[in-house]
Amino acid sequence: MNKIVMITGATSGIGLACARKFAANGDKLILTGRNAKRLEEIRQELNDKGTEVLTLVFDVRDRQAAEQQIASLPDSWRKIDVLVNNAGLALGLEPEYKGSNDDWDTMIDTNIKGLLTMTRLVVPGMVERNSGHVINVGSVAGDAAYAGGNVYCATKSAVKTITDGLRIDVADTAVRVTNLKPGLVETNFSNTRFHGDTDRAANVYKGIKPLTGDDIADVAVYAANAPAHVQIAEVLILATHQASGSVIVRK
């Protein structure tokens, strides 16, 4: 049965890959992001392939905007089956004592508070219907800190704990909760982290074949389509020559 899938941060990277993979699976999509022009381009692309797509333009950091946009959903789109909390980012790689307060605020507000906002808005309906699936995009960075990762690692550690807590909270229902923990994924992630320094971003993936957004999206679609009695609680996805957040063999 086709699902209604909501994906935050759907204009690039893992979010866009998830949109395309769920579309190929025959699902209807609610795509959110800050870039209205890019969302419309993606909507048209997927519409042309036969997918029904609704776009919502807002920043997950803006709770009021998120509330207004979710409240604006037509009745036929309100029964969200899958929420993919993908919106997130890393900023900076400085030692903690040299970090940027603005970068910290952006990461915490997006990676933690934005995820909580979307969860609070969507999951009550899932609980009421006794059906649904929350897929949070965490990171291997949530397992242990690495040099310069400090606050970013803390936000992804929070994603793990929040995901585990939600899974406990809905254990008496049929709602499933998944934490995806990617390692090195070549998207615009590093370019964002280094504030547009493309050369520095490229060095992150030098000497290793990294994961792609499609690799993570494949796991998300698999988890969402597992039999109803199967809950894929957590998946760590690493490149072959990456052993952890800090152990990477480059050749």
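A quick note: this is a predicted structure, and the numbers were derived from the prediction, not measured.

Asks: Any chance you could explain the sheet that holds strand S2 (residues 28-33) here in plain terms?
Replies: Sheet strands associate in pairs through backbone hydrogen bonding, adopting either a parallel or an antiparallel arrangement. Across the sheet, seven strands lie side by side as S3-S2-S1-S4-S5-S6-S7; this open sheet has parallel pairing. Edge positions in the sheet fall to strand S3 (53-57) and strand S7 (234-237), since each of these pairs with one other strand and no more. Sheet twist, expressed as the mean angle between neighbouring strand axes with direction ignored, is 15°. In terms of strand pairing, strand S1 (residues 4-7) meets strand S4 (residues 82-85) through three bridges, oriented parallel.

Asks: Looking at this structure, I do not really get the nonpolar core. What am I missing?
Replies: With 38 residues, the main nonpolar core has Ile7, Phe22, Leu29, Leu31 and Val84 as its most contacted residues. For this core, the secondary-structure elements that each account for two or more residues are S1, helix H1 (13-24), S2, helix H2 (36-48), S4, strand S5 (132-137), helix H8 (213-224) and S7. In this structure leucine 29 touches Val5, Ile7, Ala19, Phe22, Ala23, Leu46, Thr51, Glu52, Val53, Leu54 and Trp77, once residues within four positions along its chain are discounted. Of all hydrophobic cores here, the second largest spans 22 residues; its members include Val60, Ala65, Val123 and Val170.

Asks: Any chance you could explain the pattern of salt bridges here in plain terms?
Replies: It is possible for side chains bearing opposite charge to pair when their charged atoms get close. Under the criterion given, the structure shown has 13 salt bridges. Notably, a salt bridge pairs arginine 78 with aspartate 75, separated by 3.5 Å at the nearest N-O pair. The class for aspartate 75 is exposed, based on a relative accessible area of 67%. The salt bridge involving lysine 181 is made with aspartate 143; its shortest N-O contact spans 2.8 Å. On the criterion of sequence distance, the pair formed by lysine 181 in strand S6 (residues 175-182) and aspartate 143 in the loop between S5 and helix H5 (150-169) is long-range, its members being 38 residues apart. The class of aspartate 143 is partly exposed, set by a relative accessible area of 41%. What you see here is one network of salt bridges that share partners, running through Asp143, Lys160, Asp164, Arg167, Lys181 and Glu234.

Procedures and definitions
Residues numbered from 1 in each chain as written. Predicted model: local features only at pLDDT ≥ 70, side-chain atom pairs only at ≥ 80, totals over all residues. Heavy atoms only, no water. Pairing = 2+ DSSP bridges. Helix = DSSP H or I, 4+ residues; strand = E, 2+ residues; numbered from the N terminus. Axes fitted to C-alpha atoms, helices over the stretch in contact; angles between N-to-C directions. Core = buried A, V, L, I, M, F, W, Y, C linked by side-chain atoms within 4.5 Å. Buried < 20%, exposed > 50% of the residue type's maximum accessible area, 1.4 Å probe, protein only. Contact = heavy atoms within 4.5 Å. Salt bridge = Lys/Arg side-chain N within 4 Å of Asp/Glu carboxyl O.

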